[in-house]
Amino acid sequence: MTTTTHLGLLTRIAFKRDRARLLIWLLVLVGLMTAVAVKFNDLYGTPAEITAIMGTLKSPAIVAMFGAYPASGTPTTAEVFANEMLVFMAIMQIIMNLGLAVHATRGEEDSGLTELVRAHAVGPQVPVLATLIELAVVNLASGMLYALGLNLAGMSGATATGNWLIGLGLAAIGWLFGTLALVTAQLADHAASATGTAYVLFGLSYLVRMLTDVQDPRLTWWSPLGWIEKLTPYHHPNALPLGLMLLTGVVLANSALAIASRRDIGAGVLATRPGRRTASAVLRGPWTLLWRRHYRVLLGWLLGIAILGAAYGTVFNTIGDILKTNTTLQQVFGPAMVHAANHRLLVNFTALLTVILSAVAIIPGLQLVLSLYTDETTGWLEGLYARSVSRSYLLFSYLGTALIASTLIYGISLGSLILTGNASLTHTADGLTTFEFWQGFWGQLPVIWLFLALGAFAVGGWPRGRVLLWGYLALGFISQYLGGLLDLPQWVHRFTPFGWMPTVPEHTVDWHVFGTLSVLALVSVLVGWWRYTRRDLQLR
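Remember, it's a predicted structure, so these values are computed and weren't measured experimentally. (Residues numbered from 1 in each chain as written. Predicted model: local features only at pLDDT ≥ 70, side-chain atom pairs only at ≥ 80, totals over all residues. Heavy atoms only, no water.)

Undergrad: Which parts of the structure should I look at to understand the packing of helix 4 (residues 77-111) against helix 7 (residues 160-187)?
TA: Packed helices, taken two at a time, are described by the angle their axes make and the gap between the axes. Helix 7 packs onto helix 4 with a crossing angle of 35 degrees between their chain directions and a minimal axis gap of 8 Å. At the point where helix 4 passes helix 7, the crossing takes the right-handed sense. Contact residues: Leu86, Met89, Ala90, Gln93, Ile94, Asn97, Leu98, Ala101, Val102, Thr105 and Arg106 in helix 4; Ile166, Leu170, Ala171, Ile173, Gly174, Trp175, Phe177, Gly178, Ala181, Leu182, Ala185 and Gln186 in helix 7. (Axes fitted to C-alpha atoms, helices over the stretch in contact; angles between N-to-C directions. Helix = DSSP H or I, 4+ residues; strand = E, 2+ residues; numbered from the N terminus. Left-handed = near helix turned anticlockwise from the far one by under 90°. Contact = heavy atoms within 4.5 Å.)

Written out as structure tokens, the structure reads:
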């Protein structure tokens, strides 16, 4: 039996298995990139329009979000586009690859399918090799489509070399992090841990990129995610980062193959610590069992988002330090007026971050709610259903845990942001107040609740709508994250719950909207509960 026995067959099966998922990803990502490029011709097609946006692009807040602006001289529409979209599209490409890599390896192993495959003449490396081929083909295809879309958009200042460098760069960054996820899938002993570890490493790369971009962009080379910025496709095209990403991906791919050839099926290199000989008294029901299964992942999210909030907070002093860099303002308007201006800048920056942090906080909670259906279809709940456990109790165990987790994650991230930010300020009076913290907290809380409630609705009444729910969340995030820079119409902002509440803490909480969102969340939960208690169970 050779290492590559049945490799072609498994690769074809992998593409057939993931064809719908991959098609949706490619349509969304390539469509988004091309549509934004076309829109940029209208938004920033003249020197006056470009000049108007340059001050914003060079501000520390936007640098933290999108990366440092590298160009000098007269900027072009294409250079502005690259600055706004490269990091954002890299993040989307990475998320696609992390999910695909873990699902195709550790996810299949957890479900028992890999064991059935390995019962035939299939070596331990073949599933990983098949996934590597799938990752390579998908990323190369997406990169080519990106380049072709940019060529068709015909942006002012764009070149064929720059367009292809962007496409291949996004393909390479996706390949790099996809192979990283393959390594974590070999190290961890189940899919949740593999995904969590991969996202921790991805988040660390993002934090390094953000901090170095704000402080000293030359240090951004230390972040693999920062390599995408160094392509500078329309300024001074640089293929070195492309080579670094491909080479790092090859090293990680070989590491994953080496580990796969040496570990036992169903096990990870990092073995799970043995549990107690007898169960704890608190492990007597579905809720405590659920917490036992997921607490490491949830604690990882808590720690990770607290670090993310603190990292954003470290740029407070740079964003709001008008007083130090504009001494004339102090002489003309006086210290009180300048401090008020500094404070307003920080409040506006925090208002954007509340949307980002709340969207991130929704992800682990929504994963937890939707995992009820996954656990049901994989047969893990058969032992519970065989006992005197009602469906209602099980549903609300998942939903209740998700609500508590997402609420805590958001509150901790916002608190970490404001505490770190205020501590970093030269003039503490410019910082955010406790009242503004609570405005930011309560303003986004019903949005989080509604998305989790829609998850319960999907599990109970429309399981196939789970993918659409993730798309709805992504649309809400994109409309708020890029909406101002892309000048999106108002209806796009209002299409998701993120746009219903006035931006907080820039504005105070609209309690009528708060009540409306809460009622919608409650109705969604009740409908989902009603359907879940009456539909057939999808047991394996």
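There's more to say after this.
Undergrad: What is the right way to read the side chain of Ser142 from this model?
TA: Topologically, Ser142 is positioned in helix 6 (residues 126-153). A polar side-chain atom of Ser142 sits 2.9 Å from a polar atom in the side chain of Gln93. Ignoring sequence-local partners within four residues, the contact set of Ser142 consists of Leu26, Val30 and Gln93. (Polar contact = N/O pair within 3.5 Å; in protein donor to acceptor, adjacent residues only side chain to side chain.)

Undergrad: Even after reading the chapter, I still don't get the pattern of salt bridges, so can you show me in this structure?
TA: Any two side chains of opposite charge can pair, so long as their charged atoms come close to each other. All chains considered together, the criterion is met by nine salt bridges. In this structure, Asp18 and Arg17 form a salt bridge, with 2.8 Å as the shortest nitrogen-oxygen distance. With a closest N to O distance of 3.5 Å, Glu109 and Arg106 form a salt bridge. A residue pair is termed a helical-turn pair when its members lie 3 or 4 positions apart in one helix, as Glu109 and Arg106 do in helix 4 at three residues. Take Glu109: its relative accessible area is 13%, and that puts it in the buried class. (Salt bridge = Lys/Arg side-chain N within 4 Å of Asp/Glu carboxyl O. Buried < 20%, exposed > 50% of the residue type's maximum accessible area, 1.4 Å probe, protein only.)

Undergrad: Quick question: what am I supposed to make of unusual backbone geometry here?
TA: In most cases, non-glycine residues show a negative phi, while peptide bonds are predominantly trans. Cis geometry marks the peptide bond from Val504 to Pro505; its omega dihedral reads 0 degrees. Position of Pro505 among the secondary structure elements: in the loop between helix 20 (490-494) and helix 21 (511-532). Of note, the phi angle at Thr232 is positive, near 35 degrees, even though the residue is not glycine. Structurally, Thr232 is set in the loop between helix 8 (191-215) and helix 9 (240-260).

Undergrad: How do you make sense of helix 8 when you look at a structure like this?
TA: The periodicity of an α-helix, 3.6 residues per turn, causes residues three or four positions apart to be oriented the same way. Here helix 8 is 25 residues long and its end C-alpha atoms lie 36 Å apart, about the 36 Å a rise of 1.5 Å per residue gives. Where helix 8 is concerned, the buried positions are Ala191, Ala194, Ala198, Phe202, Ser205, Tyr206, Leu207, Arg209, Met210, Thr212, Asp213 and Val214. (Expected span 1.5 Å × (residues − 1).)

Undergrad: Where do I start with the confidence of the model for the protein chain in this structure?
TA: Residues of the protein chain with pLDDT of at least 70 account for 92%, and the chain-wide mean is 86. Mean pLDDT values over the elements of the protein chain span from 50, in helix 13 (residues 327-333), up to 96, in helix 7. (pLDDT = per-residue confidence, 0-100.)

Undergrad: Quick question: what am I supposed to make of the environment of Gln439 here?
TA: Topologically, Gln439 is positioned in helix 17 (residues 434-461). Overall, Gln439 belongs to the buried group, its relative accessible area being 9%. Linking Gln439 and His507, residues 68 residues apart in sequence, is a C-alpha distance of 8.1 Å. In contact with Gln439, other than residues within four places in its own chain, are Val504, Pro505, His507, Thr508 and Val509.

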